[in-house]
Amino acid sequence: MATRKVTLSLDTAAIEYAERAAKAHGVSLSAWLSRAARREAVRTGYRSRPHGAEALAAADEAELAAAEKDLRAEG
């Protein structure tokens, strides 16, 4: 999966929780935050913008599969 470097500002409690969770799961903070963002986006019903019905369907399926894989790995 491609990555992109970004700068974020998080409240102190959120970053402390995230750091502890990442350590407990044996992953980097970046990997943990990426998974958490993907899960939350899928959980709240995010759908990418249409670029054609076929492309949209493929993107949605890939996004959903990745989020479900992450959720199974966490459970």
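The preceding data block contains the structure.
Residues numbered from 1 in each chain as written. Predicted model: local features only at pLDDT ≥ 70, side-chain atom pairs only at ≥ 80, totals over all residues. Heavy atoms only, no water.

> Before we move on, could you go through the layout of surface pockets and cite the residues and values that matter?
Quantified by volume, the largest pocket comes out at close to 660 Å³. As for the largest pocket, its lining consists of 18 residues, of which Arg4, Val6, Ser30, Leu33 and Ser34 are closest to the centre. In terms of residues, the lining of the largest pocket owes the most to one element, helix α2 (residues 29-43), which gives seven residues. The residue inventory of the lining of the largest pocket, partitioned by class, reads 11 nonpolar, three polar and four charged. (1 Å grid on protein atoms, 1.4 Å probe; cavity = no way out; pocket = protein on both sides within 12 Å on 5 of 7 lines; lining within 4 Å. Points joined across faces, edges and corners; volume = space filled by probe spheres on them. Helix = DSSP H or I, 4+ residues; strand = E, 2+ residues; numbered from the N terminus. Nonpolar A, V, L, I, M, F, W, Y, C, P; charged D, E, K, R; others polar.)

> Explain the pattern of salt bridges residue by residue, including any values.
All told, the structure shown has three salt bridges when counted by the stated rule. Between Arg38 and Asp70 there is a salt bridge, with its nearest N and O atoms 2.3 Å apart. With Arg38 in helix α2 and Asp70 in helix α3 (residues 53-74), the pair connects residues that are 32 residues apart, well separated along the chain. By relative accessible area, Arg38 is classed as buried at 16%. By relative accessible area, which is 10% here, Asp70 ends up buried. With its nearest N and O atoms 2.7 Å apart, the salt bridge here joins Glu40 to Arg43. In this pair, Glu40 and Arg43 are both assigned in helix α2, three residues apart and thus about one turn of the helix distant. The exposure class of Glu40 is partly exposed, given its relative accessible area of 36%. (Salt bridge = Lys/Arg side-chain N within 4 Å of Asp/Glu carboxyl O. Buried < 20%, exposed > 50% of the residue type's maximum accessible area, 1.4 Å probe, protein only.)

> Just give me the short version of a nonpolar patch on the surface, but keep the residues and values in it.
Nonpolar side chains collect at one region of the surface, where Val6, Leu8 and Leu10 lie side by side and expose about 290 Å² of accessible area between them. Relative to the helices and strands, Leu8 is located in the segment before α1 (12-25). (Patch = residues over 30% accessible without salt bridge, like charges linked within 9 Å, V, L, I, M, F, W, Y side chains within 5 Å. Areas by Shrake-Rupley, 256 points an atom, 1.4 Å probe, with all protein chains shown as cover.)

> Could you give an account of the environment of Thr44, with specific residues and numbers?
With respect to the secondary-structure elements, Thr44 resides in the loop between α2 and α3. Among the polar contacts listed, one links the side chain of Thr44 to the backbone oxygen of Glu40, at a separation of 2.9 Å. A polar contact is formed between the side chain of Thr44 and the backbone oxygen of Ala41, at a distance of 3.3 Å. (Polar contact = N/O pair within 3.5 Å; in protein donor to acceptor, adjacent residues only side chain to side chain.)

> Quick rundown of α1? Include the residues and the values.
Under the 1.5 Å per step criterion, the end-to-end length of α1 is 20 Å for 14 residues, consistent within 8% with the ideal 20 Å. Turning to α1, its buried residues are Ala18, Ala21 and Ala22. Viewed along the axis of α1, the buried residues span an arc of 100 degrees, placing them on a single side of the element. Pointing more than 90 degrees away from the buried face of α1 are the exposed residues Thr12, Arg20, Lys23 and Ala24. Its buried side turned inward, α1 meets α2. (Expected span 1.5 Å × (residues − 1). Arc of directions from axis to C-beta. Contact = heavy atoms within 4.5 Å.)

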